[in-house]
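# Remarks on the overall topology
What follows is each chain in one-letter form.
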Amino acid sequence: MSQQSAVGARAPGGMVSPVTGGPFFHLEAVAITDQACQGTACFVARHRDPERWAQAEGESPRVHCLGRCYAAPATAAETARPPVEIDAPHAVVLERVAAGGAPTLAASRAAEGYRGLEHALGLPPAEIVDEIDASGLRGRGGAAFPTGRKWRAVLAQGATTAYVVCNADEGDPGAYVDRFLLEDDPHAVLEGLAIAALATGAQRGYVYVRKEYPEALAVTERAVAEARAEGIFGPRLLGDGPPFDVEVVEGQGSYVCGEETALLNALEGRRPDVRARPPYPSERGLFGAPTVVNNVETLAAVPWILRHGAAPYAAMGTNGSPGTKVVSLSSLFRRPGLYEVELGTRVRDIVERLGGGLTDGELRGVLVGGPLAGILPPHLLDTPLDFEAMRRVGCEVGHGGVVAVDQHTSIPELVHHVFRFGAYESCGKCTPCRVGAARIEDIFGAAIAGAPGAGTHALPVLASELSEASAREWRATVAALAATSLCGHGGGLAAFAESVMAHFREEVDRCLG
């Protein structure tokens, strides 16, 4: 099974599903070569290279994250690599990456690759699920759903056909851990996917890799071919287990495909929009069969847990957020790079001790977990990086991107940028997101330019009422996004806006007049 260069996986009958996404994919027939990035880390670093940022703004289609946030503002031609460090009692996912990488099967096996799968082959599926459950592993892509519960829900279906899917469409601007795990340690991710298959009865897996990561795509495809050639994948898993094989599918540029049901639609060759739930993917997922969807970092943690046991993993982190998390620090820090930290580490430690503070600016806030989450102001930096603590202050752990915002970017400019991104990437299925994101982009674009309320999506409001009308519309649209969005795209935009209103209201009110 070769890599599919267009969205659409092989259906059970062996046919390749047609691509029907149309304009909802931004990068169909586009090669990633030297494009300039328009992602959030590059936006807040635009003052460092105005010419490069001008290039980014002039390019179409837009590219919102190339996984080079440590060198922002960046282009796809950037070859520098970030520092990779371990700041946890045990290196769960970055050990091989920090040691120089293990992109080949030989290098992986020399560093205990597929030992976790060997152990799993000797366990009944329910015991594998029990081990993951006991570890407390939660999803590392945003929602932080308990991994064991997700696997157990698929196993409980007792279906003759089930699928496991690796969501490698890491689109949150500011995070780049998935890129380096796939480039430097792809077999860890594939091993985690195979263990998930054993635990759920799946005989087929898919890795959906974002198009903006061409090197990761190529390395992952080679890793699958190696595993198949050595009898790890194929008619008998690891030569002694049930059938299992993996197909690598290349995304075509859609941020919403980071949401699991939109990704499943893309794999089926459908328009990549979000499905209403229930039914959940664990009940009716890919091609109508029970399906597990986990992201790259989640799957990369699974082999370590099977090798070492649930207890050492659960002993790290906090009570509700066990284990480690990789954070991706952006270029405004003195020491940008990938750091594997114990969950519960204070954000201040990440910003000041690991990141070294800012190179030459004054910190105004930190975006953690992507732009579709809250912004953490300096007075809240002592918040622990764990799922519950971050949510209590209106933020998320998410993918672990840590993007510093300094005095070169005003809060209204940041709001405009985030909603410009949100409007461009909306799948359009629900009205608050489709219409509301574009209106807020327009309101803040016009306000920054000195004409509150004007712009391409403007409503017919008298000039004397423009400022007041814009402020009212901003607040009402955010409320609608929070209450009625179909998925985390609109909800995340609302969370970001609510955080801005909570911590930077005066600056926003001044902008809107």
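Residues numbered from 1 in each chain as written. Predicted model: local features only at pLDDT ≥ 70, side-chain atom pairs only at ≥ 80, totals over all residues. Heavy atoms only, no water.

Another aspect to go through is the side chain of Ser-330. Mapped onto the elements, Ser-330 comes out in the loop between β6 (324-329) and β7 (337-342). Side-chain polar atoms of Ser-330 contact the backbone nitrogen of Ala-404, separated by 3.4 Å. Apart from the residues within four sequence positions on either side, Ser-330 is in contact with Ala-41, Cys-69, Tyr-70, Pro-336, Val-402, Val-403 and Ala-404. (Helix = DSSP H or I, 4+ residues; strand = E, 2+ residues; numbered from the N terminus. Polar contact = N/O pair within 3.5 Å; in protein donor to acceptor, adjacent residues only side chain to side chain. Contact = heavy atoms within 4.5 Å.)

With 5 of its 6 residues buried, β7 lies for the most part within the structure. By the bridge criterion, 6 bridges tie β6 to β7 in an arrangement that is antiparallel. If you follow Lys-325 over to β7, its bridge partner there is Val-341. (Buried < 20%, exposed > 50% of the residue type's maximum accessible area, 1.4 Å probe, protein only. Pairing = 2+ DSSP bridges.)

A few words now on the pattern of salt bridges. Per the stated rule, a full pass over the model turns up 33 salt bridges. The closest approach of N and O atoms between Glu-183 and Arg-179, which form a salt bridge, is 2.8 Å. In this pair, Glu-183 and Arg-179 are both assigned in helix α8 (residues 177-184), 4 residues apart and thus about one turn of the helix distant. Here Arg-348 ties to Glu-352 by a salt bridge, and the two come within 3.0 Å at their closest N and O atoms. Taken together, the residues Arg-348 and Glu-352, both in helix α14 (residues 347-354) and 4 residues apart, mark about one turn of the helix. (Salt bridge = Lys/Arg side-chain N within 4 Å of Asp/Glu carboxyl O.)

Moving on, we get to helix α16 (residues 411-425). For α16, which comprises 15 residues, the first-to-last C-alpha distance of 21 Å matches the rise-based estimate of 21 Å (1.5 Å per residue) to within 8%. Taken together, the buried positions of α16 are occupied by Ile-411, Pro-412, Leu-414, Val-415, His-417, Val-418, Phe-419, Phe-421, Gly-422, Ala-423 and Glu-425. (Expected span 1.5 Å × (residues − 1).)

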